[in-house]
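Residue strings, one per chain:
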Amino acid sequence: MQKPDSQNPHVTLITSDAPMSTPTHGGRAKCLQRLVRLDLPVPRTVALSFDAVHRIAAGTFPDMAALIAAFDPAALLCVRPSSADPDWGGPGAILNIGMNDARFVDLADEIGQEAAAALYLRFVQAYAIHVARLDPDHFDEIEDSGTAGLSAALRAYEDEAEEPFPQDPAQQLREVLRSMARAWEGTTARLLRQAKGAPVDAGLGLVVQEMALGFGGQGECGSGVLQLVHPETGQRQITGRYLSQSQGREALRHGSASLYLTRDPRGPSLEELAPEAFAALKADAELMRRKLRAEMQIEFTIQNGQLHILDGVRVKASARAALQIAVRLAEEGIITPDDAVLRIEPRAVSELLHRQIAPGAERRVIGRGVAASPGAATGRIVFSSSEAQASAARGEPCILVRRETSPEDIRGMHAAVGVLTERGGMTSHAAVIGRGLGLPCVVGAARMTFDLQRRTIEGENGKRYREGETITLDGTSGEVLEGSPETIEAALEGAFHTLMGWADQARDIGVRANADTPADAATARHFAAEGIGLCRTEHMFFEADRITPMREMIFADTPEDRQAALALLLPMQRKDFTELFRIMEGLPVCIRLFDPPLHEFLPTDRAGLRALAEALDLPVSDVTRRVEAMGEYNPMLGLRGVRLGITVPEIYDMQARAIFEATLDASREGAPVVPEIMLPLVSAKREVELVRARIEAVAAAVKTERGRGFTYRLGVMVETPRACLRADEIAPYSQFLSFGTNDLTQMTYGLSRDDAGRFMSDYVSQGVFREDPFHVLDVDGVGELIATGVQRGRSTNRTVTLSICGEHGGNPESIAFCRAAGMDYVSCSPFRVPVARLAAAHLALKDRGLQGPPKR
């Protein structure tokens, strides 16, 4: 019989130099070795490797007698799981292994009969339920404690198992190891792990540890949990609980019976009860913090006044707390600023920018959809933009509910606190505008029933909710909730700006914002965007004072009439652009010229047609006929974008003039402005030639009229497959190429981005697509087109600036592709700018060989 030693790679006594690592033995085993190296009071522990546990699951065991012999013959043992990532879960710990009738008698003399019975009873119950797999009801129903409860549990075990409770410690340990190994490798556990991101072949290690009982009568005995920070706020504050005469984490479950750790006016504390043990605990916690370079949660036991450290895990902190912790550790010199940046996941930043459902709040889920824009919003249900505006005027928060939103709903979306739609995906109108406004949004909730005539929605639970009733949207998870659960407000504190400053120093790709309004631009500046990468000008035409002249222009029969109508819009556009330029203070502003089909600006209901007829002084029948005549079978592939600029050139002429005049106006008072003019939906170089000639003519005219010069840049929004393939022909006529991945994905797949939400979850779950291609850039198909466009564009114009301005620009996985492809910058919704900045920093740091800290 050979005892486990510190050099056995599979059954290893944990010492300072034992051969073990997180990938072979798991995070718990490796952390315990680090604690041993710090000379902390860790009970004797043996670690079983992933391979050893895998063999146990298959029926091959290590020498159990030798394993037992590694510990004090009088000791009880516990077994805990040790996976590579604690978030993957695993079987629960089993305590008091080795407890039997003989050990009960001995312990009764040492710590008293009732305490010994409590230990034995706990082990019998755990063994029966989790190892022997007996019916839990027979053991949960035991109400007696002490010796009476123990006798009942032993009888129940013998009745159910048809054999006495096992008395051999080696057999007990063997069966515990087998049960935990098989539980890890079971189908259900494997599927649950995979749902959390674990690889299919993720391994499990086990640690067998000598127990410090936490029971006795000679000095203080008990157990508890301590950490040096508040897990929600990240502030330095000793938190946790302690319970006399207890084991494991019982202190966290016993409420008022548990003691506070530090002196507290609300009740007794460990600091008062056992000051020496408490002082040692605090000192050990601070040592762990500095040497393990993380805030740790410590599980400890006090046995007859002596402290024992059983385990240490990284504090499970909220996003807000994790940020505070990382920045504080860096400012104290415990970690580097680069390490701090890597410790904050980019997606977690979204939680800091928006109100969230409070942790632990009751969530009565009534529906689910696509989590299109993060944050939580509670309000009354309304079904139209006008009702949303009326609700906002009354000071009543509302949720705008639509089948799908259109540009006409912009004012209603501004008035609402959240948006819920039946249709749509990550790049639908509601999703894009919601993210731009920082408005919580759930789209594609197709399993709910929307009845706009009766003004009701029906939840997946079958319950009907009427207009005026209160619901809550969780745009972070995609859930629709009944009522108004507790929420917590966003808080961008100094630590956030400090961390983002470190991220900006590390990243090597630019980040701009998509911004359509002055409010969007102000948000972009607040989040330190390096300019505007996409300004969609069409949203500016839906305001009440602009929609009528816009419709007059659409109905005009001659170029002169169109110019007359556009003359009314010119000063409005000029004012918009001037304000944008002033807000951005000399940073680049890329303005996409008019893109959508004209029918979007025309009414479809009878009341709207009548109002338009009055404004144009035409019969309703004529207006109706003209509106119907302008309809297209597939308007998103019809007369829009640059095609409008060529067939109705007066629109682009007016916009170019507004941009140039605003450039001169804004440059008078601040830094010089260099606007970027972007042509949408280009597919041929001749389109660029034609529009470019007219824009150059407008620029020359404005310079002559104003007597002042200016510079500008002209580029193309690459959003058709042909533009990618012919980029070598287009690039010589362009100073920049910005890939519009929303439409490029739509055209590459032949898939409507507004309708994809209806079936996309089924496609992803069945493995047709790895991810929703409107959410995460498809690097194989769409990515190949982009890479081709990049290579061909640079082959004929080495100085051309390259970027993406679709919603993928704020997605961390997509940013990785953009860096690899050689893009100069990405552009995304204002509220996704911090996410993109941090994701870009992560990628740059990891390219330099830096890695994030271990999870444990």
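- For the protein, an unreviewed UniProt entry supplies the name Pyruvate, phosphate dikinase and the organism Maliponia aquimaris.
- Per its UniProt entry, the protein bears the Sequence similarities (unreviewed entry) comment "Belongs to the PEP-utilizing enzyme family."

### Considerations on the packing of helix α22 (residues 559-584) against helix α26 (residues 650-669)
Right, on to step 1. Interhelical geometry of α22 versus α26 gives an angle of 35 degrees and a closest axis separation of 7 Å. Two packed elements cross with a definite hand, and for α22 against α26 that hand is right-handed.
Right, on to step 2. A per-class count over the contact of α22 with α26 returns 12 nonpolar, 5 polar and 8 charged.

### Brief notes about the pattern of salt bridges
Right, on to step 1. Counted by the stated rule, this structure contains 60 salt bridges.
Right, on to step 2. With a shortest N-O distance of 3.1 Å, D516 and R536 are connected by a salt bridge. With D516 in the loop between β23 (510-514) and α20 (518-526) and R536 in strand β24 (residues 532-536), this residue pair connects regions lying 20 residues apart in the sequence.
Right, on to step 3. Since its relative accessible area comes to 9%, R536 is described here as buried.
Right, on to step 4. For R546, the salt bridge is made with D576, and the minimal N-O distance between the two is 2.4 Å.

### Description of the domain arrangement of the protein
Right, on to step 1. According to the domain assignment, the protein contains domain 1 (11-210), domain 2 (222-317), domain 3 (355-488) and domain 4 (507-534 + 562-594 + 646-848).
Right, on to step 2. Summarising the inter-unit geometry, the C-alpha centres of domain 2 and domain 4 are found 54 Å apart.

### Re the packing of helix α21 (residues 544-555) against α22
Right, on to step 1. Between α21 and α22, whose axes approach to 8 Å, the crossing angle comes to 145 degrees. When the axes of α21 and α22 are compared, the crossing they make is left-handed. The residues of α22 that touch α21, namely those facing D545, R546, P549, M550, E552 and M553, are R562, A565, L566, L568, L569, M572 and D576.
Right, on to step 2. Per-class residue counts for the contact of α21 with α22 are 8 nonpolar, no polar and 5 charged.

### What about the sheet that holds strand β8 (residues 296-303)?
Right, on to step 1. Ordered by their spatial adjacency, 4 strands build an open sheet running β7-β6-β8-β9, and the pairing between neighbours is antiparallel. The sheet is open, and its two edges are formed by β7 (236-244) and β9 (306-314), each paired on a single side. Looking at each pair of strands side by side, their axes are set apart by 20 degrees on average, direction ignored.
Right, on to step 2. Bridge count for strand β6 (residues 222-229) against β7 is 7 bridges, and the pairing is antiparallel. Opposite G224, over in β7, you have Y242 as the bridge partner.
Right, on to step 3. Set on the sheet, helix α2 (residues 27-37) makes contact with β8 and β9; between it and β9 the angle comes to about 135 degrees.

### Observations regarding helix α27 (residues 685-706)
Right, on to step 1. With 22 residues, α27 should cover 32 Å at 1.5 Å per step; its first-to-last C-alpha distance of 31 Å lies within 8% of that length.
Right, on to step 2. Of all the residues in α27, the buried ones are E687, V688, V691, I695, V698, A699 and V702. Relative to the axis of α27, the buried residues are bounded by an arc of 105 degrees and lie together on one face.
Right, on to step 3. Downstream of α27 by one or two residues, G707 has phi in the positive range, about 70 degrees.

### A look at the UniProt feature "domain: PEP-utilising enzyme mobile" (unreviewed entry) in the protein
Right, on to step 1. As recorded in UniProt, the feature "domain: PEP-utilising enzyme mobile" (unreviewed entry) lies at residues 396-478.
Right, on to step 2. Across residues 396-478, the secondary structure splits into 18% helix and 31% strand, with the terminal C-alpha atoms separated by 23 Å.

### What to know about the nonpolar core
Right, on to step 1. The biggest cluster of nonpolar side chains holds 124 residues, and the ones touching the most others in it are F660 and I695.
Right, on to step 2. In terms of residues, this core owes the most to one element, α26, which gives 10 residues.
Right, on to step 3. In this view, F660 contacts I677, I695, V698, A699, V702, F710 and Y712; residues no more than four positions away in its chain are not counted.
Right, on to step 4. V11, L77, A116 and A202 belong to the second-largest nonpolar core, a separate cluster that totals 63 residues.

### With respect to the packing of aromatic side chains
Right, on to step 1. Under the counting rule described, the total for this entry stands at 15 aromatic pairs.
Right, on to step 2. A centroid spacing of 6.0 Å and a plane angle of 5 degrees characterise the contact between Y242 and F300, whose relative ring orientation is stacked. Of the two residues, Y242 sits in strand β7 while F300 sits in strand β8, which places them 58 residues apart along the sequence. Assigned by exposure class, Y242 and F300 land together as buried.
Right, on to step 3. Counting every residue linked through ring pairs, the aromatic cluster contains F104, Y120, F123, Y127, Y157 and F165.
Right, on to step 4. Taking NZ or CZ as reference, R241 lies 4.4 Å from the ring centre of Y260, over its face.
Right, on to step 5. For R512, the ring lying beneath its charged end belongs to Y825, and the centroid distance is 4.0 Å.

### Observations concerning the pairing of strand β29 (residues 801-804)
Right, on to step 1. Burial along β29 is two-sided: the face carrying T801 and S803 and the face carrying L802 and I804 are both buried.
Right, on to step 2. As defined by bridge partners, strand β28 (residues 736-739) adjoins β29 across 4 bridges and the pair is classed as parallel. Bridge pairing in β29 links L737 to L802.
Right, on to step 3. In this fold, the crossover linking β29 to strand β30 (residues 825-828) by way of helix α33 (residues 812-821) has right-handed handedness.

Criteria and cut-off values
Residues numbered from 1 in each chain as written. Predicted model: local features only at pLDDT ≥ 70, side-chain atom pairs only at ≥ 80, totals over all residues. Heavy atoms only, no water. UniProt positions renumbered as here; feature names shortened; annotations may be inferred. Axes fitted to C-alpha atoms, helices over the stretch in contact; angles between N-to-C directions. Helix = DSSP H or I, 4+ residues; strand = E, 2+ residues; numbered from the N terminus. Left-handed = near helix turned anticlockwise from the far one by under 90°. Nonpolar A, V, L, I, M, F, W, Y, C, P; charged D, E, K, R; others polar. Salt bridge = Lys/Arg side-chain N within 4 Å of Asp/Glu carboxyl O. Buried < 20%, exposed > 50% of the residue type's maximum accessible area, 1.4 Å probe, protein only. Domains from an automatic or database assignment. Contact = heavy atoms within 4.5 Å. Pairing = 2+ DSSP bridges. Expected span 1.5 Å × (residues − 1). Arc of directions from axis to C-beta. Core = buried A, V, L, I, M, F, W, Y, C linked by side-chain atoms within 4.5 Å. Phe/Tyr/Trp six-rings, centres within 6.5 Å; stacked < 30°, edge-to-face > 60°. Lys NZ or Arg CZ within 6 Å of the ring centre and 35° of its normal. Right-handed = clockwise from strand over helix to strand, strands pointing away.

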